[in-house]
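An overview of the molecular structure
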Amino acid sequence: MSTEFDVVVIGAGPGGYVAAIRASQLGLKTAIIEREALGGICLNWGCIPTKALLKSGEIFEQLSHLGGYGLSVEKASFDFAKIIDRSRGVAKTMSNGIAFLMKKHKIEVVEGEAKLEKGSPSPKVVVALKAGGSRTIQAKSVILASGARARDIPAIGAVSDGDKIWTYRDALAPKAMPKSLVVIGSGAIGIEFASFYRALGAEVTVVEAVDRIMPVEDAEVSKAAQKAFEKRGITFRIGAKVTKVEKTKDGVSVAVEVGGKAETLTAAVCIVAVGIAPNTEGLDAIGLNMDRGHVVTGKHGETNVPGLYAIGDAAGPPWLAHKASHEGIHAAEHIAGYKTPAVNSPIPGCTYANPQVASVGLTEAAAKAAGIDVKAGRFPFKVNGKAVAAGETEGFVKTVFDGKTGALIGAHMIGHEVTEMIQGFVTAITLEATEEDLHGIVYAHPTMSEAMHEAALDAYGRVLHI
Amino acid sequence: MSIDILMPALSPTMEEGTLAKWHVKVGDTVKAGDVIAEIETDKATMEVEAVDEGVIEAILVEAGTENVKVNALIAKLAGEGESPAPPPSKDAPAKAAPAAEAPKAAAAPAPTAAPAPAAAAAPTGDRVLASPLARRLASAAGLDLKAIPGSGPHGRVVKADVEAAGKGGVATSKAAPAAGASAPAAAAEPRKVLSLEQMGIPAGSYDLVPLDGMRKTIARRLTDSFRDVPHFPLTIDLEIDALLAARAKINHLLEGQGVKVSVNDIIIKAVAVALKRVPEANASYTPEGIAMHKHADIAVAVAIDGGLITPIVRAAETKGLAQISAEVKDLAARAKTKKLKPEEFQGGTFSVSNLGMFGIKAFASIINEPQGAIMSVGAGEQRPVVKNGELAVATVMTITLTCDHRVVDGAIGAKFLAAFKPLIEEPLTLLV
């Protein structure tokens, strides 16, 4: 069979569509297959629409604290349906943008669901077309970017039904505002929904199996985050094992065990946010190496099957859009024969709750566990001029240095818009900055970013404003 | 079709140079042999001649550009009978770059065949691309960043490269120091140089002359040599009355043939003959062993505008005085106009430096690496000497041999001077 395309990308999420654009830029004839909507989960049911909801929540929450700024409103209220509509509209706008990008880069979009069959020089892609019928495409290379979906836990009844037991997807477009929620899992997804629904007044309880919330974050951030969310009225059950999720007449009951004591939490709705399951079913048929549902890949996303690459959620954690995009670019360049220089970027993680949490690199505990002689620094926003002026004094910046080499190896932040600040430290770590650089760099005044400077200074006993 | 004009290599080892000057501009008609540009390396300036006939279509590297790689495209020539293509817009080279990186769609790129952009680029000039952390780690480990291949963007040396180099045993920051002597890693630290202001000389109280390539080379090579080569001087006095008489006679006899031999020419000849008799003094130290040179290639220090240069009389032991004299004259004249080819001043085995004409009595030169010794020749002057227990007057010249102790021990140096002295004092023996 003739090869119509140089590259076929399966899945048009942030990994797939970016890989397709890069492949096209490199002169490769490219097609992309999407079974649902261009932009994937990220644009349609994840990153982007949640940010729209959270902004509504944040503004509404701010309205109740206007007095502090010398402002007042008569009686703040919201229209839940309009909030959801706005979020859906934002998703739609972004998805349409991807359609434009595909056209601009002359990437053929094939709507339908793909299956892989044995083929040469790469697996054959058989697409069950949305419009009916099927199409078989033989390309020179295939990039699998099929993504992931929410994970259910059938053993304890935590299986989404779209009515009372939700996944993120249901939580993004509910028919009505729930009065109360139990959120299982305190990762980024769980915490963002908890924050949003709490901002609009719902009773929210977050259940976390580990002994602290947001377990991937630095322990100090976890602690500060829990305090900040509790201040806003969210309740937590940490170190809590969920034993049963049951639907009741009015909602759900969630049985948990905390420190050996059993407790039943009731709410109108339960959100299951305990991780994801990769969309990789049926791939063993072509002899693909898999590890717990994820495709095993090499440095450039290449798999053990000739001509097949895998990127993004399908290829393993961290399950983040920017990690998928990065891998997509890398795979496309590898296909084009590039020897990509070793840009060794760490992958930042962001949670857009109120307050926000952002981090990159190693936590202090992880660094110590790795035997590194750690130098850590901290700086609270409550003594940062810009934060005080803006009335956003919650949170802090923490830096983690390798005491032996002076290399910045981790940074952790909680506070207002810290997700925009973390990039400074991502750049610093990628360029292998040392404390000398971070101490010498000029930070604009007044900015909340000055706390980054201070946290770097603090690690070496040179903090200026405490 | 236009013809590419590439950056020429002035010597087999040249990797890059400065495009000093263009003698043509876009639109000029040139014929083969016309000088179109001047290329400068740290020691020489060379004229670039047109090989083909045509009209200069584009000049792609501006005059004054440093570190132009050999074989880089520097200009385009429209062939004879063709009208030149419209001059490319200013950003044309920039635009060309991304186009070059995109393999053609039709030619499906095999994963290994396509270009490796930037990654392979070697660091250029003195500046080494390296991350701050890589710099610190290399410095702590005493590794030379320049010797570490960089795997980062644009060949930047990153942490992983330094770590790999540390395991793989890359050259330390300095050339191999004295045999057997310990080379502490700390010695690799570059010397901290205070600014003039820090040393109490206020800005504005002096004019700053920029460092040119030659000055930088002199500074670097002689600093390295003086610091790293264990050197010592040996001094002897030579009576040169017989030599002066012989010289006068030779010049008188051969006047008609245009021969005019200098004292220095005779010294060069005598040095070459002495080196053949004491070959241990005609040697270079290398970490692998001592290189015993087969010929006496004598480098002659010539002061030129802005510095000095050491053109070489090759295999001087095989040449007669007239030939040596003629060669030195030619080399010195071309050195002064910076027209020497690199192979004419690189690679001597022994140096002679003469400051006699300035009335300098005695001095000790710095070893011209990798040579084993350098002879410093002072002024010939009448001095009282004791002969057979009586005071007499003789024309005496003091010469000093600076030796690299790694190859030329004191006894070898003395042996060489013992062979050299009679050749000067009784120049007739040069014939034997």
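Note that the structure is predicted; figures quoted are calculated from it, not measured. (Residues numbered from 1 in each chain as written. Chains lettered and ligands numbered in written order. Predicted model: local features only at pLDDT ≥ 70, side-chain atom pairs only at ≥ 80, totals over all residues.)

1. A look at the overall build of chain B
Our working definition: Helix numbering and strand numbering both begin at the N terminus, where a helix is a DSSP run of H or I of at least 4 residues and a strand a DSSP run of E of at least 2. Using C-beta atoms placed from the backbone, we call a residue buried if 20 or more other C-beta atoms fall within 10 Å of its own, exposed if 12 or fewer do, and partly exposed for counts in between. The contact rule is simple: place each C-beta atom from the backbone, and if two of them lie within 7 Å, those residues are in contact.
A count of helical and extended segments in chain B gives nine helices and 18 strands. Across the 432 residues that make up chain B, the buried fraction comes to 31%. Put simply, of all contacts in chain B between residues at least 6 apart along the chain, 63% involve residues at least 24 apart.

2. Observations regarding the overall build of chain A
A count of helical and extended segments in chain A gives 13 helices and 24 strands. Taking all 466 residues of chain A together, the buried fraction comes to 52%. Sequence-distant contacts in chain A: of pairs separated by 6 or more residues, those separated by 24 or more amount to 64%.

3. Quick word on helix α2 (residues 132-141) of chain B
Listed as buried for α2 of chain B are Pro 132, Leu 133, Ala 134, Leu 137 and Ala 138 of chain B. Just beyond α2 of chain B, the residue with positive phi is Gly 142 of chain B, at close to 70 degrees.

4. Focus: the environment of Ala 379 of chain B
Residue and element names in this part refer to chain B. Along the chain, the position of Ala 379 falls in strand β17 (residues 373-387). Between the C-alpha atom of Ala 379 and that of Lys 361, which follows or precedes it by 18 residues, the distance is 5.3 Å. Residues in contact with Ala 379, not counting those within four places in the same chain, are Gly 356, Gly 359, Ile 360, Lys 361 and Met 397.

5. So, the sheet that holds strand β8 (residues 165-166) of chain A
All names here are of chain A. Defined as follows: Two strands are said to pair when DSSP picks up at least two bridges between them. Every axis corresponds to a line fitted to the C-alpha atoms, with the helix fit spanning only the stretch in contact, and the corresponding angles, defined between N-to-C directions, vary from 0 to 180 degrees.
Reading across the sheet, the five strands line up as β8-β15-β9-β10-β11 and stay open at both edges, with parallel pairing between neighbours. The outermost strands of the open sheet, each flanked by one partner alone, are β8 and β11 (235-238). In this fold helix α6 (residues 188-199) packs onto β9 (180-184), β10 (203-208) and β15 (269-272), with an angle of close to 165 degrees to the strand it touches most, β10.

6. Observations regarding the packing of helix α3 (residues 47-63) of chain A against helix α4 (residues 80-104) of chain A
To characterise two packed helices, one gives the angle between the axes of the helices and the distance between these axes. Residue and element names in this part refer to chain A. What counts is decided by this rule: By convention the crossing between two helices is left-handed if the near helix lies anticlockwise of the far one by an angle smaller than a right angle, and right-handed if it lies clockwise.
Running from amino to carboxyl end, α3 crosses α4 at an angle of 145 degrees, the nearest separation of the two axes being 8 Å. Two packed elements cross with a definite hand, and for α3 against α4 that hand is right-handed. Here α3 contributes Ile 48, Pro 49, Ala 52, Leu 53 and Ser 56 to the contact with α4, which in turn contributes Ile 83, Arg 86, Ser 87, Arg 88, Val 90, Ala 91 and Met 94.

7. Structural notes on the nonpolar core
Under the convention used in this document: By definition, a nonpolar core groups buried Ala, Val, Leu, Ile, Met, Phe, Trp, Tyr and Cys residues that connect through C-beta atoms lying within 7 Å of each other.
Val 8, Ala 19, Ile 143, Val 183, Ile 184, Cys 270 and Ile 271 of chain A are the most contacted members of the largest nonpolar core, which totals 161 residues. Each residue touching Val 8 of chain A, except ones within four places of it in the same chain, is listed here: Ala 31, Ile 33, Val 125, Ile 137, Ala 139 and Val 142 of chain A. Core analysis: the next-biggest nonpolar cluster, separate from the first, contains 74 residues, Val 302, Ile 312, Ala 316 and Ile 374 of chain B among them.

8. Digging into the pairing of strand β12 (residues 240-247) of chain A
All names here are of chain A. As paired strands, β12 and strand β13 (residues 252-258) are joined by seven bridges and run antiparallel to one another. Bridging across to β13, Lys 241 finds its partner in Glu 257. Between β12 and β13, which pair antiparallel one after the other, the connecting turn spans four residues.

9. Digging into the environment of Asp 163 of chain A
Considering the arrangement of structural elements, one finds Asp 163 of chain A in the loop between β7 (148-150) and β8. For Asp 163 of chain A, a count of 13 C-beta atoms within 10 Å gives the class partly exposed.

10. Here's the deal with the confidence of the model for chain B
All names here are of chain B. Spelled out, the test is: The pLDDT score gives, residue by residue, the confidence of the prediction method on a 0 to 100 scale.
Mean pLDDT over chain B: 81, with 82% of residues reaching 70 or higher. Here residues 83-124 is a poorly scored stretch, pLDDT under 50, and it has 58 contacts once near neighbours within four places are set aside; other chains count. Note on residues 173-189: pLDDT is under 50 here. Beyond four places in sequence and across chains, it has 21 contacts. Of the two predicted TM-score estimates for the complex, the pTM is 0.60 and the ipTM is 0.75.

11. With respect to the sheet that holds strand β24 (residues 408-415) of chain A
Residue and element names in this part refer to chain A. Taking strand neighbours across the sheet as the criterion, the five strands line up as β20-β21-β24-β23-β22 in an open arrangement whose pairing is antiparallel. Each of the sheet's edge strands pairs with one partner strand only, and the pair in question is β20 (349-351) and β22 (374-380). Each adjacent strand pair in this sheet contributes to an overall mean axis angle of 10 degrees, direction not counted. Alignment of β20 against strand β21 (residues 356-361), held across three bridges, turns out to be antiparallel. Across the sheet, the residue bridging to Cys 350 is Ala 358, located in β21. Packing against the sheet, helix α11 (residues 418-430) makes contact with β20, β21, β23 (395-402) and β24, and its axis sits at approximately 10 degrees to β21.

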